[in-house]
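Coordinate inspection notes
Given next are the chains, with one letter for each unit.
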Amino acid sequence: VVVNSLPKGTLHVDNNEICSGNQVILTLNLEGKSPFTVNYTMDGNEETYNYVSNNYTRIFTNVTSDHIYELRSVEDANGCKVNYTTDAPKDSVSVNILPTINLTPDTVCVGGEAEIVFTRNTGAGKMTIWYNVQGNAGGSVDIPSGQSEGRITLSNVTNRTVVQVTAVKDSL
């Protein structure tokens, strides 16, 4: 009689905290005889993948909300199956909402000034926003704890100007 070991699996995401619109990489590490059939849930919705190798990666793009991933079962090529119930391997990702950027006024005369308003959409602690102007390093602006906006002024505007947020740090 041949006795095969039960397969094992772990599950993890590459980053537990991301900005809205970024990607999440979910990795399953499996032990046993491949190929595998894997069942896992994302926010309680079950997904099944057949013929998975020992290391399986799935990329979720444009992630805009929090998610919880939980491994439910792993079956290997020997037909051995483990069902996870109380101690299921799981991981999660929290998504931070990006600040809103408003230009005041939206039309400026050549040589005029434009005020850029960065508005907090979430959180209450200090937020720092780094930005570029026309593709060049522009600097950073702080939104103090308890306030909802941070402002910068662009002087001597001579053409269409693009302001791009490059990073956000929120003291959660």
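First, a word on scope: everything that follows refers to the structure included in this document. This is a predicted model, so every value here is computed, not measured.

Procedures and definitions
Residues numbered from 1 in each chain as written. Predicted model: local features only at pLDDT ≥ 70, side-chain atom pairs only at ≥ 80, totals over all residues. Heavy atoms only, no water. Pairing = 2+ DSSP bridges. Helix = DSSP H or I, 4+ residues; strand = E, 2+ residues; numbered from the N terminus. Axes fitted to C-alpha atoms, helices over the stretch in contact; angles between N-to-C directions. Salt bridge = Lys/Arg side-chain N within 4 Å of Asp/Glu carboxyl O. Buried < 20%, exposed > 50% of the residue type's maximum accessible area, 1.4 Å probe, protein only.

Quick look at the sheet that holds strand S3 (residues 24-31) now. With antiparallel pairing, 3 strands are arranged side by side in an open sheet as S1-S3-S6. In this open sheet, the two strands that pair with only one neighbour each are strand S1 (8-13) and strand S6 (55-60). Neighbouring strand axes in the sheet, compared pairwise and without regard to direction, differ in orientation by 15° on average. Relative to S3, S1 runs antiparallel, the two being bridged by 6 bridges. Residue pairing in the sheet places Thr-10 in a bridge with Asn-29 of S3.

Here we take up the pattern of salt bridges. In the structure shown here, the tally under the stated rule is 5 salt bridges. Salt-bridge contacts for Arg-58 lead to Glu-47; the nearest nitrogen and oxygen are separated by 2.6 Å. Taken together, the residues span a long stretch of sequence, with Arg-58 in strand S6 and Glu-47 in strand S5 (residues 45-52) at a distance of 11 residues. By relative accessible area, which is 23% here, Arg-58 ends up partly exposed. Residue Lys-126 is joined to Asp-142 by a salt bridge in which the shortest nitrogen-to-oxygen separation is 3.8 Å. Of this pair, Lys-126 sits in the loop between strand S11 (112-119) and strand S12 (127-133) while Asp-142 sits in strand S13 (residues 136-143), and the two are 16 residues apart along the sequence. Classification of Lys-126 as partly exposed rests on a relative accessible area of 42%. For Asp-142, a relative accessible area of 37% gives the class partly exposed. Each of Glu-115, Glu-149 and Arg-151 takes part in salt bridges that share partners, so that together they form one network.

By themselves these figures say nothing about function.
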